[in-house]
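One-letter residues, chain by chain:
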Amino acid sequence: MMDAMTSQTSDSTPPGVIDLRSDTVTRPTAAMREAMFTAEVGDDVYGEDPTVNALEAEVAARFGHEAGLFTPSCSMANQIAIQTLVPPGDELLCDADAHVVTYEIGAAAALGGVSSRTWPAVGGDIDPGYVASMVRPDGYFAVPTRAIAVEQTHNRAGGSVIPLATLTALRELADETGVRLHCDGARIWHAHVADEVPLKTYGGLFDTMSVCLSKGLGAPVGSVFVSSAERVARGRMIRKRLGGGMRQAGILAAAGRYALANNVDRLADDHRRARRLAEALAPFGVIDPARVRTNIVLLDLAKAPIDAPAVATAARTANVFVSVLGPRTVRLITHLDVNDASIDRAIEVLTGIFAAAG
């Protein structure tokens, strides 16, 4: 039986390379390229690109929000959201491993004048009671808390899915304290598929969201900031200030629309392949397969006889690319350009490396 990924896999993946570094490395399929080539376009800064407008409306509707704003990256969408929620000098709360404070080059402070304070990262787990104890009200010359940000799914926590009950408790906390709630939903599509939580249910919990089209969904670029119409209008001005005003962006938006129509349900294949990797590597004591819920596999080499850079170097000589997140942490991510045969080869290479080291 033909592998389910054959017709969807990129037509320009480097021959022989199995790239598990990130789900950002995917290349547009032939069908996606065709959608981009035939896209109807206009000037988006004037609000006249029909394909961008359609994408923004579609994503907003999927999450039950009033409006959306197409951005070049999820980092920009996050920073737009934060600036609409937190005035300069006020405070954002998030966990210490959150993308917004780990991988966005201090943008909240540098560009928005936002002060960030973090709670200790414990995988993808969140204790709403602990977060509640951190919220600072106005007065007494303390920096007031204006917003809380969560990441769904959580990258540095191995693609873990924050339970709906936890998010609901955070929503209640936000309502009680008058702070806003933001979701960095770069991989929220994975959470939706893994836990079968409707997108509108997620959307109803958050004041603002960023959702990415260029990771698991396979578009070459782009994210969408969703919120109220008023906040999105403010966000459009912030996007322009950040240099994110695009012109005939419908060529890019068309890839996003194709991805939404064709690549959401197939994320279950990525989850299945990630679990296969985890199960194959579990005998070496570097991963608990039960913790692999979506498409990210974090290998903990704390007790392994080989460190992360050595694993990455050895794997690369066999054309298997992996990410090093720390001296003893390796990350593997499954995605659109990795099929079952690729996983078979990656397992062969990686188990061989650990067996030789052991």
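Notes on the structure follow. Because the structure is a prediction, the values reported are computed rather than measured.

1. Some points on the overall build of the protein
On a plain count of helices and strands, the protein comes out with 14 helices and twelve strands. Against the compact-globule benchmark of 21 Å for 358 residues, the protein has a radius of gyration of 21 Å, which places it among compact chains. Each principal axis of the C-alpha distribution contributes one length, and for the protein these read about 60 × 50 × 35 Å. Within the span of the protein, comprising 358 residues, buried residues form 55% of the whole. Summarising the internal contacts of the protein: among those between residues at least 6 apart in sequence, 73% fall at separations of at least 24.

2. Looking at the sheet that holds strand β12 (residues 329-333)
Ordered by their spatial adjacency, three strands build an open sheet running β9-β12-β11, and the pairing between neighbours is antiparallel. Sheet topology places β9 (296-300) and β11 (323-326) at the edges, where each strand pairs with a single neighbour. Neighbour to neighbour, the strand axes of the sheet diverge by 30° on average, direction disregarded. Strands in contact with helix α13 (residues 308-317) are β11 and β12; relative to β11, the strand with the most contacts, it is inclined by about 175°.

3. Some points on the pattern of salt bridges
Under the defined criterion, the tally for this structure stands at 23 salt bridges. Across the salt bridge formed by aspartate 90 and arginine 146, the nearest N and O atoms sit 2.7 Å from each other. Pair noted here: aspartate 90 is in the loop between α3 (74-85) and β3 (91-95) and arginine 146 is in strand β5 (residues 145-151), with a separation of 56 residues, a long-range link. Residue arginine 146 is classed as partly exposed on the basis of its relative accessible area of 25%. The partner of arginine 345 in a salt bridge is glutamate 348, and the shortest N-O contact between them spans 3.3 Å. Highlighted residues: arginine 345 and glutamate 348, both in helix α14 (residues 340-357), separated by three residues, approximately one helical turn. Here the salt bridges do not stand alone but share partners, grouping Asp269, Arg272, Arg273, Arg276, Asp340 and Asp344 into one network.

4. Notes on empty space enclosed by the protein
The tally for this structure, following the rule as stated, stands at one cavity of 30 Å³ or more. Computed from the structure, the largest cavity encloses a volume of approximately 30 Å³. Contributing to the lining of the largest cavity are Cys94, Ala98, Val100, Ala149, Val150, Glu151 and Asp184. The element contributing the most residues to the lining of the largest cavity is β5, with three residues. When grouped by side-chain class, the residues that make up the lining of the largest cavity number five nonpolar, no polar and two charged.

5. Quick word on the pairing of β5
For β5, a buried count of six out of seven residues is recorded, marking the element as mostly surrounded by other parts of the structure. Relative to β5, β3 runs parallel, the two sharing three bridges. Each bridged residue has a counterpart across the sheet, and for leucine 93 the counterpart in β5 is isoleucine 148. In this view, the connection linking β5 to its parallel neighbour strand β6 (residues 180-185) by way of helix α7 (residues 164-177) has right-handed handedness.

6. Side note on the nonpolar core
Of all hydrophobic cores here, the largest spans 50 residues; its most connected members are Phe70, Trp189 and Leu213. The element that contributes the greatest number of residues to this core is helix α11 (residues 250-262), accounting for five residues.

7. A look at the environment of proline 289
Counting through the fold element by element, proline 289 comes out in the loop between α12 (267-281) and β9. The partly exposed category is assigned to proline 289, whose relative accessible area is 24%. Separated by twelve residues in the primary sequence, proline 289 and leucine 277 place their C-alpha atoms 8.6 Å from one another. If near-sequence neighbours (up to four positions away) are discounted, proline 289 is found in contact with Ala278, Glu279 and Ala282.

8. Re the sheet that holds β3
In spatial order, the strands read β2-β8-β7-β6-β5-β3-β4; together these seven strands make up an open sheet with mixed pairing. On the outer flanks of this sheet lie β2 (67-71) and β4 (115-119), each paired with one strand and no other. Within this sheet the neighbouring strands show an average axis-to-axis angle of 20°, counted without direction. Sheet topology note: the strand β7 (residues 208-212)/strand β8 (residues 223-227) ladder contains four bridges and is antiparallel.

9. Overview of the layout of surface pockets
Its volume calculated, the largest pocket comes out at about 530 Å³. Gly123, Ala157, Gly158, Arg291 and Leu298 are the residues nearest the centre of the largest pocket, which is lined by 24 residues in total. Looking at the lining of the largest pocket residue by residue, the class counts come to 13 nonpolar, five polar and six charged. Its boundaries defined by the atoms lining it, the second largest pocket holds a volume of some 340 Å³. Forming the boundary of the second largest pocket are 26 residues, of which Thr24, Ser75, His99, Arg187 and Lys215 lie nearest the centre. Listing elements by their share of the lining of the second largest pocket, those giving two or more residues are α3 and β6. Looking at the lining of the second largest pocket element by element, the count peaks at three residues for α3. By residue class, the composition of the lining of the second largest pocket is seven nonpolar, 13 polar and six charged.

Quick notes on the rules
- Residues numbered from 1 in each chain as written.
- Predicted model: local features only at pLDDT ≥ 70, side-chain atom pairs only at ≥ 80, totals over all residues.
- Heavy atoms only, no water.
- Helix = DSSP H or I, 4+ residues; strand = E, 2+ residues; numbered from the N terminus.
- Rg over C-alpha atoms; globule rule 2.2 N^0.38 Å.
- Buried < 20%, exposed > 50% of the residue type's maximum accessible area, 1.4 Å probe, protein only.
- Contact = heavy atoms within 4.5 Å.
- Pairing = 2+ DSSP bridges.
- Axes fitted to C-alpha atoms, helices over the stretch in contact; angles between N-to-C directions.
- Salt bridge = Lys/Arg side-chain N within 4 Å of Asp/Glu carboxyl O.
- 1 Å grid on protein atoms, 1.4 Å probe; cavity = no way out; pocket = protein on both sides within 12 Å on 5 of 7 lines; lining within 4 Å.
- Points joined across faces, edges and corners; volume = space filled by probe spheres on them.
- Nonpolar A, V, L, I, M, F, W, Y, C, P; charged D, E, K, R; others polar.
- Right-handed = clockwise from strand over helix to strand, strands pointing away.
- Core = buried A, V, L, I, M, F, W, Y, C linked by side-chain atoms within 4.5 Å.

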